[in-house]
Each structure stands twice: as C-alpha cells, then as structure tokens.
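# Observations on chain architecture
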Protein chains: 4
Amino acid sequence: MVNVGIINVTGYAGAELARLLYTHPEAQLTSVSGRSAAGKPLAEVFPHLACYDLTIGEEIGDVDFVFSALPHAASAEACAPLVRAGVPVVDISADFRLRDPKEYAEWYGGEHPAPDLLSQAAYGLTELNREAVRQSKLIANPGCFPVSALLALAPAVKAGIIGPEIIVDSKSGMSGAGRSLDLKYHFGEADESVSAYGLSGHRHLPEIVQELAAMWPQAEAPPVIDKTVSVWSATDPRAAGAPRVTFTPHLIPMTRGILSTCYAPLTQGALPSGEAAREAVRELYRDSYAGEPFVRVADSPPGTKQTRGSNMCFVYPTVDMRTDRLVVVSVLDNLVKGAAGQAIQNMNAMLGLPETMGLDAPAVYP
Amino acid sequence: MVNVGIINVTGYAGAELARLLYTHPEAQLTSVSGRSAAGKPLAEVFPHLACYDLTIGEEIGDVDFVFSALPHAASAEACAPLVRAGVPVVDISADFRLRDPKEYAEWYGGEHPAPDLLSQAAYGLTELNREAVRQSKLIANPGCFPVSALLALAPAVKAGIIGPEIIVDSKSGMSGAGRSLDLKYHFGEADESVSAYGLSGHRHLPEIVQELAAMWPQAEAPPVIDKTVSVWSATDPRAAGAPRVTFTPHLIPMTRGILSTCYAPLTQGALPSGEAAREAVRELYRDSYAGEPFVRVADSPPGTKQTRGSNMCFVYPTVDMRTDRLVVVSVLDNLVKGAAGQAIQNMNAMLGLPETMGLDAPAVYP
Amino acid sequence: MVNVGIINVTGYAGAELARLLYTHPEAQLTSVSGRSAAGKPLAEVFPHLACYDLTIGEEIGDVDFVFSALPHAASAEACAPLVRAGVPVVDISADFRLRDPKEYAEWYGGEHPAPDLLSQAAYGLTELNREAVRQSKLIANPGCFPVSALLALAPAVKAGIIGPEIIVDSKSGMSGAGRSLDLKYHFGEADESVSAYGLSGHRHLPEIVQELAAMWPQAEAPPVIDKTVSVWSATDPRAAGAPRVTFTPHLIPMTRGILSTCYAPLTQGALPSGEAAREAVRELYRDSYAGEPFVRVADSPPGTKQTRGSNMCFVYPTVDMRTDRLVVVSVLDNLVKGAAGQAIQNMNAMLGLPETMGLDAPAVYP
Amino acid sequence: MVNVGIINVTGYAGAELARLLYTHPEAQLTSVSGRSAAGKPLAEVFPHLACYDLTIGEEIGDVDFVFSALPHAASAEACAPLVRAGVPVVDISADFRLRDPKEYAEWYGGEHPAPDLLSQAAYGLTELNREAVRQSKLIANPGCFPVSALLALAPAVKAGIIGPEIIVDSKSGMSGAGRSLDLKYHFGEADESVSAYGLSGHRHLPEIVQELAAMWPQAEAPPVIDKTVSVWSATDPRAAGAPRVTFTPHLIPMTRGILSTCYAPLTQGALPSGEAAREAVRELYRDSYAGEPFVRVADSPPGTKQTRGSNMCFVYPTVDMRTDRLVVVSVLDNLVKGAAGQAIQNMNAMLGLPETMGLDAPAVYP
C-alpha cells in the first residue's frame, strides 16, 4: 500500500483526488492539508467524504507520494523540497507545465519559484508522453483545456494532415473555476447563460502551443523550441512553422465537463476526397488510440455527460468537406481526466501499476 | 464470481445497475435484456457503459442472480418463473411491494400477475428489514420516495415519539420519471421550474403507509394489516391508529436526487422541552443508525448533491419548538439508494456478502 | 409622469424594479442610488439596463416616489426622513412588516430604527389589504415567501374551513438570496442539489403568522394581536387560537420562482364529503380571487415557470380526502410578485392608477 | 389597431409572438391556429398566456397581418395564398430564406412549394436589409443562428478587413429545438451536458453563406450568386471568392440564448498593429451599429442572460493579436431576436411603425 498525501485538499481538484483514491486498491490517503480549513475534519468540509476519518492539517505528514493541488507559485514552493528529498510528486498546478521560465513569468506574472526543477518535470498527459512520465519523479499534471485540445489534435498533427492555423473553441462547466467566490460563478448570474472569457489570452494557450509544437512533424515545422535557450516564445506564432492557435474558453451553466471543438485546415492531398476523407480520419484516430483505456473514438458526437465522474475522454473527428477542414470534438470531465483522474493515472504509471487502477468506474450517467 | 443478469437494462435504473456492478468484486454482469434495443451493443445505447462488451438480448441468458428493471406488471410476469425455478431475484418494480393484492389492484390498475409469490417477497429496505432480506429469494426493492420517507421517520415511529398525522413533502430530480418522453420532462419545460404532482394520490403513498403501519408501536396502533385477509385498506387512514399520511412529490430541475421533508406532531412528553428536545432527537437517530454504513445523521441540513452517485442517505432530524413538531429532512440519490444501489445492497445481503461491497465509492461532488 | 427613485438599485430587487419601471406609462425612473457602485453608469453594473442613461448616485435625488431596496435596518433609516417629509415610500425590506417592535427586535436582532412609523405603515399584500394600501404613504412590501403562503391560505382561513395546524413547505430559486457571495450560492455547490434551510426559524415565519392571525375568523380565534401593547409574541403559537405554523424554505437549483405547498386540517363538516370537497374548495378560491388580475386559480398543478418575469401568482387548492387535509400549491416569481412587481402594484394603488399598469406583460415562458 | 394572426401558435416561436404582441400598442392578436390543439383555449395550452381570451382554430381568421410559425414546406404552402391575396406575411420558417430553389431542395429535401414568390421575399434581418424589408409584403424571417453570425460578422465583411476563411462556433439553448419530443432534449439527458450537432451540415449554413456572400466587397469577391440561374451552390465554397464557412452548433443546458463565436483571418494591413487593432475594430463596430436600437457593441464579453426575453443582440469584437485573427462574440435570445422579436421588428418596419414598438422591455435578468 502506498501512503498518499494531498496538499490543499479543500479545492475541487483536491477533493476529487480524495474521492477517487478512496477506492484505489494500492494507494491509501493518509494525510491531507489545507490552511484555511486546518484543524477541521475532512468530513466537515466535504460531507461526501465522510468515509474518511482524516483531519485537515497545516501541512501534510510523512507519505510515500504527494499530490499538490495548490495554486500556482505556492505549489512549486511546496513541491520543491519534496522533489529534492526524492518524494514522487504530481503537481496539479501549472508550475511545471511550461518548459521555459520566461514563458512562465509572462503568463503567470512572477519568477518561477524553482526553475532548476523544470528539466526534471515530465508533462503528464500520459497518452502522449508515457515514457517520460514513467521515468520522472515530478509530473506537471496538464491543464484541463490542454488535455481536451491535445487529445483532439495529436493524431492529426503527428500524421501531418493539418496545417498550423488552429482554432480551439472550448466550453467548460463552472467547477473549472474552482471554489472561489466571484459574482461570475454565483448561481443567479451563471445559470441559463453562456459567455466567453480569456479573450485576450488564457493561461492554457501557451501550454497548448508548446505541446503541439513539440509534436509537429519535422518536415512541416522544424523543431521550434530550443528547450535550454528559449530564443523565441512558444506563444509567438509568427515564429516560422509554429502552430498558430486561437483558444477561446466559454463558461457553460453546468458543474462538470469540457467540450472542445478544434478546427484546422487539412493539408492538401493528405486525405482521400469526398466521404472517404471522414472514414480515413476516423481510422487514423482509432489507430492512434488503439489500446488506450481512457480515450475512445466515438461513433457519434459525444456529450460531456457521458464522461461525468470518469477518467474517459471521447474524441470525435470529422471533416468539413465544403471547406477542407478537420473538425474534432472532444469531451471529458474537467475534474477527472482534466485534473484528479489524470493525476492518478500518472501516479499509476510512475509506480508501475496498471494505469486504470482505481479509475475504472464508469461515468455517472445521467 | 456471481453471474448477474439485468432484465430491461435500457431504463435509468437498469443502466445504473450496470454502472454499479462494473466495479463489484464478487459479481459480474453477463447478460442484459431490453426489447426495444434488442440486438444492439450496450455501449451504443449507453456510451458511458462502453467498458462492457455485451449485446442487449430479447431475454436474459442463464445467470445466478437476476435484477428486474421492468415496469410493473411486466416485471412480476418476468420474475415469477425465475423465482419458481429458485433463481434469486431483486425486483425493482413495484410489483411485490404491497402485501395486499387488493391494494395493488387499486393503485396499479390490474390484477396482480403472481399473487401467490407475495408472501415470499421481502420488502427490501435493508436497514429496516435486514433479516427478512437475508432469508428471502425474492426482494421487492422499495420505491425511491418510500426509502427517503421511511429512513427519515422510522426511528421516531419506533420510539413512539410522534403521532400519526404525518406529512411527507418530497422533491425529486427528473430521472425519477425514467427515460420516457413527455413534455413535462422536456428541458425547455422542466428547466427553471418547480411543480407538484400526484396530488390526487401517488403510488408510493400506500407503500409508505404500509411500512409505517407495520412498524407503529403496538400500544399506539395495534397491528392494522391482516396479511391474508385484507379487511381494510392500508391507505385508508380512518382505520384506527394507522398513520394518516399526506405525501406530495415535486419535480425539481435537476437530474438526480430526492429530498424529503417529513413533519409529524411530537407525542406530548416524549421529549425534554426546549433546546434539549433537538439534541434528544438527534441522539435517538444516531443510536438508531449506529453501524449502518449507508445512513448518516447529518450535523447540518444536507443537500442532495452530497449523495450524488452514491448509496448514502443523509438524515437530519430537528424539532420545531414553536409548534412541537418533528421535522426530518432526508436526502439520497434516487437512482442509487432509491433504486439500483439499494438493489445491490439487497443482493449483497442475500448472498451473505458485506452490504457495502461494490457500493463504497463516495458521491461525485460537486 | 411620476418621477421615481430607487434606493440601492444594485441588488436583484432594485434591478428588477428598474426593469419593470422602464415600460410603465405613468412613472419614470429618474434617480438610483447604491453605495458600492456609486459613480458608475447603471448600464455598466447591469448591461440589460443599458436602455437607461442613469448614473448610480450615493443618494437618490429629488423624486415624487421612492422604492427602498436596502437591507433591513438601513432601509428604515433611509425611509424615515422621506416618510416624515411626506414622500410616498414602498419599502421592500422587512422593516415595516412586523407591527410589534419587540417581534422585530427578536427576529432581526436590533432595535427598530423608526418604531414611531410602524403605525403608519400598511402591509402591502394588495389583494388582502387594498384599502389600507391605498390610503397609506408608507408600504411594507411583503416578503416573497409570505406572499406565496398568504395568497395560498387566505381564502381558506377567512372562510373558516381549516384549523390552525399549518405547514408551509416552500421551494425557492437562488435569486431569493440576493446577489451576495456565499459558497451556498456558488454554481458548483448549488446546481443539481436541493437543501432545506432556516430550520430553526426563518424571518418570514413571524410575518406569515402575524398576517394569518389577523385574518383568522373571530369565533375560532379571538383577535390575538394587540397592536399597541404586544402582550404575546405573534410567533408564540401557544397563544390561544393563533395559527401554529411550521415554515420550511428550500433552496432549488433555479434562478427565479417560489412554489409553496401549504397543508392544513379541514374543519370537520366545513366541506361536503368525497370528490365534492375538491370542487367546493376550488369554487371558494375562484370566488375569493374573482376580479383579481394577478391571482389565478389554476386548473392543474402549476409550475413556477408559468410566472417567470410576471406579476402573476397561480394558486391550486385541493383536498387530500384520505386525511381530510387542505393542500394548496402556489407559484410566483420571487423577484416580481414576491418583490418588485408587488411593489409597483402597491405604487399603482397608492397613486390611484390601475393596479395592472406597467405590469401586464405575460411571463417569459419557456 | 392592426389585427394580427399567428399560424401555428403551439410551438415556442408562436407562443413567443403571442407573448410579445400582448403589450404592442398598435397591434392586437385576434386569431391563432394550430392543428394538434385546435379547439382548445390558448390559456390551456400555455397558462402564461391566460391574459388572452382566444381559442386555437384549425385555421386563422380574417386578419390584417400574418405571422407563420409553421415548419418549413407547410409554411410556404400556408403563406402563398395569403401573399397572393395581398396580406402582409412574416414567415418564421426557412421557406423564403434561400433565394435559390435548388439550394432549398438540397438542404430541405423537397421541391420548394412556391418558387414564384421567392423573388418577392425580403430577407428579414432588419439591420442589414432595412429598405427591402420596408418595401416587401413577404418577409423571410432569418434563422436564429444566422442572426447571431451575421450581426457578428457584417461590419468586418463590409469593411473588407477579413478574409473568407470563417468559422462560426455557436452555442444554443434547448428551446431552439422547439417543443418536439426527443431523447436529446429530455432533461435527464440534456442537463449538465454539452454536445455538438449538425457536424455534417446544418441548414443554417447555406443561409449564413448566402448572406455573407451578398455583402462581400466586390473587389475581394466578385458577385458570386447569380440569383436567376444558380450556376453554383452558395454552399460550395470552392466557388471563387465565396466565404468558406464552417458552422458548428452546440446544445447547451439552458432554455434560451445563443452565443456565437466567430473567427476570421484579418486582411493584412487592414488594421493598425498592436493594441490599436482592437480599438480600431471596436470603433468600426460602434460606427456600424450607431443608431441601431437592438444591437449594442459591448464593452466586455457578454453573457446570453443579458438578452433573455428581449430583442437585444450584444456584439463583442476583438482581435487575437498572436494570430492576426478577428474574434467576434455575439449573444441574443433565440426566441426573440432569433425569432419572434425579429419578426415583430420586421412587422413594425413593414407597417411604418417605429421598429422598437412593443419591443422595448429590458431583458429579464437574472
């Protein structure tokens, strides 16, 4: 049994980790922290976690494995000593996602608290980076939107069938904003309404661009990111060959779920013409995700509800033949595959356990 | 491993059984039926159940244990031959809940299809009828509203602290109405609206009355139901001593969840006066449900969301001291503790397994 | 044209007043105040009110008629000088609802800021108190729950057909809690959940009891409230003959709307027996509300959505013949008939205008 | 007073027309039809319309002005004799929107019922086609998605600042699908879920393309639609110069509202660089819609709720400077500006009344 700790259990990602870990056969949650609620029983803050007999501490105790669900900056500060002490860590914050500390400073507004650890961190989108995850002791758990965008686009990018003019239009439930109070998330304001946000640049954009650039085929776009000397910003798409991504998130009146609709021009001649293009794309996606337990190529456009509470991501690729564009729709639960479930999948991979362990419960539908 | 079949998997209760059974360590779902969808893969009808490689049949195959999620009447007809052949059955329909076939005919509008089996059936509210459940091969799984009302009222009734003038005001999510199409459940009509229904008599009323009457203290109300010769209707509260229940269900714009608010006059002198009354009632409830894994006496008024997807029922008893009334609020997930989870709890009890087996996942909150 | 001002336009009741007044043919909104947003254009705080070219002030300017949408205590303080200066005022806060300042102090936790004005105030449930409203310059606009409970119960109380053991079980949308930030109203917490609150005593209870007591038939319950010397609390139902009300509000995952389900025992012999009782009750209600433009006796159980955005209240009375209880369901929009619409109806009555003026738009359905 | 009739009042668009007409000062609804509900009082089918004393007929009676809310094909059949008899008609169906009957046949699956009337019909997006609307007796009321897309894109297209590679990603509430029963709109299925649909081609696409092509600057794209001899399909974007539009609608768990997010590449050099580009675009939009009462250029990203129940459309244009793309977000109420309100605006224009008449009520927020 692996003894696990959660730093900052009091947000939605932390609570979701606790929920999922409760039925994990090889891991047990033995320590949780959270400053504002320190001293309270976990069951008082979250009655649905009354199955645990744990008190929230100022700090977590001695454990074998740590998840950090702190906000950015605070998270790197808390994780750094653990990583240096050899404790395996999955960081759910954004702190170790961007490889270039200049990018981090630009988007997160401050010096990176532990730039020396960046080279040790693996980007934890397991399906796309499995070997690195298995060998790393520090995982940068991906952002919820990047998971949905990257799983939607990766097969097409790697196969070289799309050009770099990419649009990612995402729709997210309210839990993505966390538990903090703001008029935007007040029921009376948010219910029965949809709105766009982050129009001048959302922090998940550079993460999407960085990962797409890294998987872009050499011939089409020569390696654009020099990992050690960042001569250009991953988010400056004027750099030759880099994907030029517009990313617009929208707030939807539901609690959980992300649907991303991704658009990109097809490379001329990359696919057969007519109806065959659609089947060819579906075939490509099915091949790419064959054997992946948590990614399923859907036969019809999926709804976010089909993934609610589960670690599944459904991907539906198709072709708009009138405009020769690839359109891919992906759905997932932002708190599971977009956060806590992905984190446990990473833990499983790091510990040599089957990736599905503790994550096999079907979605709670309807 | 017990091989399990679900008759009529295509409704919400059937699908929920399949969801919960997937992670049950000692049972495996091997056969599912459903006429309208016969021949289709289960994963096509319910994409969230893509984890199963099962095709929906006209009939279920040879299994060790059967759940029936058919509508009433059809269910008794399907269950009867299985019961007679010795196959253990949990019937989720209403067919074996009312002990008196005249009551059944009155409320369900037709002769009972298998009245001879009524005496073999145990009412499957495990917490209140555990021994009978363990010894029976045919379980009448209780209605969703009766579970919430009976768990809310049982400790007070058994302790003799309330009189028979009872009001049960229930609020239910839409999934309680099943998957059938009706303008009432159309999103545009149901969203952002609350309404009452069943005001001239809901079918769960006689079930609530029957079970309350059966547990009513002898001194207050001598046994009122002659099981073999029904000399009076369990729902005719003018029969001496029987509880006089008004039950009003309401349709709430949410998918899952029932909250029942139950009101009854306190028997004079049964409780200490003032604030102490509240604490005495809470003590009584905590004692009554001590050791029950699925009923928790809440410290503050609970929300249905705390039970979403789980088999928990939270009960919050208090006293309105201005009027000397007991007020008890209970919450549960109508598809789990109110249907499929309760059914699996019964299966566990029948098979001598721990009741919590396969049912220990915390609620999916938020 | 009457020039109207709204004190504290920045809450939901204030904004709803502004919305409704925009199409009023005889009144125009010329001044709005609201301290936190003082100096901002109204259109910035509420984009849906961009039709107005008004700036929010620290105080309202010189107007002919004032609505106060301040919180209690602050409201009485702001209204008192206006009332003394002869400006007609409708106070949407609770400050002038309870006639007994001791009651006020008990429930609102402080001395009444202007007890001398209590005798001048009329309780502004126009349908039940029309003459007083017409002749008063200070209206205590009723609470949203009391409107729904009193319109549901008044005909039965006045006709003497029910006894005093009353239960009011109310379901309210989130806007009833106003625009203040609290985890309870955070979308992720409130969505897909129902919960009860105010179980130890909600502030609308004494208001309901006071008004029911005042209309209670003499023979049944001699006048129980001495308006000048409050010898007993209106909320102490042990006072002889007073209605003994339990009131439980519930929070529903919708923005607008209140549904109240009211239960009371029928006085023996007051109604014919059998099905005729139902028709007799409906007849009584139709007669009571004949000619009332804003109260409609529904032919089937109504949903709150049928009143959304409008000043209508639908009332559906019936009889539970198994238990000889009256059950009345009422629905309304808590921000309109439960607040701003009721306030404008009162203004119309005070100014000698038709009560429906500016309030005749049908509900926004669906 | 103009006597108005509504053909097929029983759907959401028909009922919304009735709602809005009730407070119109110069028009009165005197006749409504609807086959399935013929013979029933309007108030029985729609309790919120109890203000009307109208019975639904098989056919409408003799009126001065007709709105048809029938489904396509049936609508043209019903409108044709009226138009030929000189009765002014606003057709809310799609029948007169596409100018080319071949396009109609391709997208709506049948011969056009009255192709001879196509040349008389004006496309009724009043802001963009005011003169034609004023002079026509037959208005093709635009589709809800096209209204949102065209108002979002028109200023940029007309100013020649964008290229033809356009993506319209729309999010719609459930009422857009009408009142018909389908599992997709069942509350339990639709609530807490988002999904894309129409991925192989939605019927509103050719309408968007046709109108964009018609306003495309000559130099950039020579007139591409020969109205009399349709030598190419307006939806075949391979035709030189035509806008190449991908349109993806999404179903959102709310009742009313459409938000469209529109993306297009900026023409090089069309705008100043850097932050000035954003301000230049906003200036362009403000100028374009100056004086338009129902289109407002928002200062911050708008939510659909700000338009609920009103005829307003909020447009928010911005520039993604990293990719030189125009991004425009528009919001409206699909049943008002997207259907019934737009129809009344057209009626007002046709009758020489102020366009805002009867349409000036602010949105019902929250």
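A brief report on the enclosed structure follows. (Residues numbered from 1 in each chain as written. Chains lettered and ligands numbered in written order. Predicted model: local features only at pLDDT ≥ 70, side-chain atom pairs only at ≥ 80, totals over all residues. Heavy atoms only, no water.)

## So, the relation of the copies chain B and chain D
Mapping between the two chain copies consists of a rotation about an axis together with a translation along that axis. For these two chains of identical sequence, chain B goes onto chain D by a turn of 180 degrees and a shift of 0.0 Å along the axis, with RMSD 0.0 Å. Here the symmetry operator amounts to a two-fold rotation axis. In this assembly the copies share their binding face: 100% of the residues contributing to the interface of chain B also contribute to that of chain D. (Least-squares fit on C-alpha atoms with pLDDT ≥ 70 in both. Contact = heavy atoms within 4.5 Å.)

## Comments concerning the interface of chain D and chain A
Contact with chain D, which involves 54 residues of that partner, is made by 54 residues of chain A. Both sides together, the interface formed by chain D and chain A hides about 4,400 Å², and carbon and sulfur atoms give 49% of it. By the criterion of area lost to chain A, the three top residues of chain D are D:Glu192, D:Leu199 and D:Arg322, representing 18% of everything that side buries. Our count for the contact surface shared by chain D and chain A stands at six salt bridges. The residue D:Glu165 makes a salt bridge to A:Arg325 at a minimum N-O spacing of 2.7 Å. Taken together, chain D and chain A are joined by 42 residue pairs in polar contact (both at pLDDT 80 or more). Listed by contribution, the elements that provide at least two residues to the side of chain D that touches chain A are strand E8 (165-172), helix H7 (187-190), strand E9 (195-196), strand E10 (244-251), strand E11 (258-265), strand E13 (313-320) and strand E14 (325-332) of chain D. (Buried area = accessible area lost by both parts, 1.4 Å probe. Salt bridge = Lys/Arg side-chain N within 4 Å of Asp/Glu carboxyl O. Polar contact = N/O pair within 3.5 Å; in protein donor to acceptor, adjacent residues only side chain to side chain. Helix = DSSP H or I, 4+ residues; strand = E, 2+ residues; numbered from the N terminus.)

## Points about the relation of the copies chain D and chain A
Mapping chain D onto chain A is achieved by rotating through 180 degrees and translating by 0.0 Å along the same axis, at an RMSD of 0.0 Å. With an isologous cut-off of 70% or more, the 100% of interface residues of chain D that recur at the interface of chain A puts this contact in the isologous class.

## Points about the packing of aromatic side chains
Where two aromatic rings form a pair, the distance of their centres and the angle of their planes describe that pair. Using the criterion set out here, one finds 18 aromatic pairs over all chains in the structure. Centre to centre, the rings of A:Phe65 and A:Phe67 are 5.3 Å apart; their planes meet at 50 degrees, and the pair counts as tilted. Exposure remark for A:Phe65: the relative accessible area of 0% places this residue in the buried category. Geometrically, the ring pair formed by B:Tyr104 and B:Tyr108 is stacked, given 5.2 Å between the ring centres and 20 degrees between the ring planes. Of this pair, B:Tyr104 and B:Tyr108 both sit in helix H4 (residues 101-108), four residues apart, which is roughly one turn of that helix. As far as burial versus exposure is concerned, B:Tyr104 and B:Tyr108 are alike and both buried. (Phe/Tyr/Trp six-rings, centres within 6.5 Å; stacked < 30°, edge-to-face > 60°. Buried < 20%, exposed > 50% of the residue type's maximum accessible area, 1.4 Å probe, protein only.)

## A closer look at helix H3 (residues 74-84) of chain C
Residue and element names in this part refer to chain C. Among the residues making up H3, those that are buried are Ser75, Ala76, Cys79, Ala80 and Val83. One face of H3 carries all of its buried residues, which in axial projection span an arc of 130 degrees. Positioned one or two residues after H3, Gly86 has a phi angle of 90 degrees, which is positive. (Arc of directions from axis to C-beta.)

## Focus: the pattern of salt bridges
All names here are of chain A. Tallied over the entire structure, the rule returns 96 salt bridges over all chains. A salt bridge links Glu131 to Arg134, with the shortest nitrogen-to-oxygen separation between them at 2.9 Å. Within this pair, Glu131 and its partner Arg134 are both found in helix H5 (residues 126-135), separated by three residues, close to a single helical turn. With a relative accessible area of 44%, Glu131 lands in the partly exposed category. One network of salt bridges, in which partners are shared, links Glu279, Arg282, Glu283, Arg286 and Asp299.

## Quick notes on the environment of D:Asp116
Residue and element names in this part refer to chain D. Mapped onto the elements of the fold, Asp116 is located in the loop between helix H4 (101-108) and strand E6 (121-123). The spatial distance from the C-alpha of Asp116 to the C-alpha of Ala80 is 9.5 Å, given a sequence separation of 36 residues. In terms of polar contacts, Asp116 uses its side chain to reach the side chain of Arg84, at 2.9 Å.

## Some thoughts on the nonpolar core
Core analysis: the biggest nonpolar cluster contains 107 residues, and A:Leu21, A:Phe67, D:Leu21 and D:Phe67 have the highest contact counts within it. Excluding its chain neighbours within four sequence positions, the residues that come into contact with A:Leu21 are A:Val4, A:Ile6, A:Ala27, A:Leu29, A:Tyr52, A:Phe67, A:Ile344 and A:Met347. Among the nonpolar cores identified, the runner-up in size contains 106 residues, and B:Val4, B:Ile92, C:Val194 and C:Val329 belong to it. (Core = buried A, V, L, I, M, F, W, Y, C linked by side-chain atoms within 4.5 Å.)

## Here's the deal with the sheet that holds strand E9 (residues 195-196) of chain A
All names here are of chain A. What the seven strands build is an open sheet, ordered E9-E10-E8-E11-E14-E13-E12; its pairing is mixed. Where the open sheet ends on each side, the last strands, each with one partner, are E9 and strand E12 (295-297). Across six bridges, the pairing between strand E8 (residues 165-172) and strand E11 (residues 258-265) is antiparallel. Opposite Ile167, over in E11, you have Tyr263 as the bridge partner. (Pairing = 2+ DSSP bridges.)

## Here's the deal with the packing of helix H1 (residues 12-21) of chain B against helix H10 (residues 336-350) of chain B
Residues and elements named next belong to chain B. Following both chains from N to C, one finds H1 and H10 inclined at 50 degrees, their axes separated by 9 Å at the closest point. With respect to each other, H1 and H10 are oriented oblique. Between H1 and H10 the crossing geometry is right-handed. Across from Ala13, Glu16, Leu17, Arg19, Leu20 and Leu21 in H1, the residues of H10 making contact are Val336, Ala340, Gly341, Ala343, Ile344 and Met347. In terms of residue class, the contact of H1 with H10 is made up of nine nonpolar, one polar and two charged. (Axes fitted to C-alpha atoms, helices over the stretch in contact; angles between N-to-C directions. Parallel < 35°, antiparallel > 145°, perpendicular 65-115°, else oblique. Left-handed = near helix turned anticlockwise from the far one by under 90°. Nonpolar A, V, L, I, M, F, W, Y, C, P; charged D, E, K, R; others polar.)

## Observations regarding the side chain of A:Arg97
Residue and element names in this part refer to chain A. Summarising the element assignment, Arg97 is placed in the loop between strand E5 (89-91) and helix H4 (101-108). Classification of Arg97 by relative accessible area gives buried; the value is 6%. A distance of 3.3 Å separates the side chain of Arg97 from the backbone oxygen of Ser93, its partner in a polar contact. Only 2.7 Å separates the side chain of Arg97 from the backbone oxygen of Asn141, close enough to count as a polar contact. Those residues in contact with Arg97 that lie beyond four places of it in its chain are Ile92, Tyr123, Ala140, Asn141, Pro142, Gly143, His204, Glu207 and Gln210.

## Focus: helix H8 (residues 204-215) of chain D
Residue and element names in this part refer to chain D. Over its 12 residues, H8 extends 17 Å from the first C-alpha to the last, a length consistent with the 16 Å expected when each residue adds 1.5 Å. A large share of H8 lies buried, amounting to 11 of its 12 residues. The secondary structure elements touched by the buried residues of H8 are H4, E6, helix H5 (126-135), helix H6 (144-158), E8 and E10. (Expected span 1.5 Å × (residues − 1).)

## Points about the interface of chain B and chain D
Each partner contributes to the interface: chain B provides 18 residues, whereas chain D provides 18 residues. Of the roughly 1,700 Å² buried between chain B and chain D on both sides combined, carbon and sulfur atoms contribute 59%. A per-residue breakdown of the area chain B buries against chain D is headed by B:Leu181, B:His186 and B:Phe187, which together make up 39% of the total. Summed over the shared surface of chain B and chain D, the number is two salt bridges. Ionic pairing is found between B:Arg179 and D:Glu189, a salt bridge with its closest N-O pair at 3.0 Å. The biggest single contributor to the side of chain B that touches chain D is helix H7 (residues 187-190) of chain B, with four residues. Looking at the side of chain B that touches chain D residue by residue, the class counts come to nine nonpolar, five polar and four charged.

## Describing the sheet that holds strand E7 (residues 165-172) of chain B
Residue and element names in this part refer to chain B. Spatially, seven strands are ordered E8-E9-E7-E10-E13-E12-E11 in an open sheet, and the strand pairing comes out mixed. If you trace the sheet from one side to the other, it starts and ends with strand E8 (195-196) and strand E11 (295-297), each paired once. Pairing of E11 with strand E12 (residues 313-320) involves three bridges; the strand directions are parallel. Directly across from Arg296, in E12, lies its bridge partner Phe314. Of the strands in this sheet, E7, strand E9 (244-251), strand E10 (258-265), E11, E12 and strand E13 (325-332) touch helix H6 (residues 144-158), which is tilted by about 40 degrees from E10.

## Some details on unusual backbone geometry
Residues and elements named next belong to chain A. The omega torsion across Tyr365 and Pro366 is 0 degrees, close enough to zero to call that bond cis. Note on placement: Pro366 falls in the segment after helix H10 (336-351). With phi around 70 degrees, Asn8 is a residue other than glycine that occupies positive phi space. Tracing the backbone through its elements, the reader meets Asn8 in the loop between strand E1 (2-7) and helix H1 (12-21). Accessibility expressed as a relative area gives 17% for Asn8, which makes it buried. One non-glycine residue, Glu192, lies in positive phi territory at about 55 degrees.

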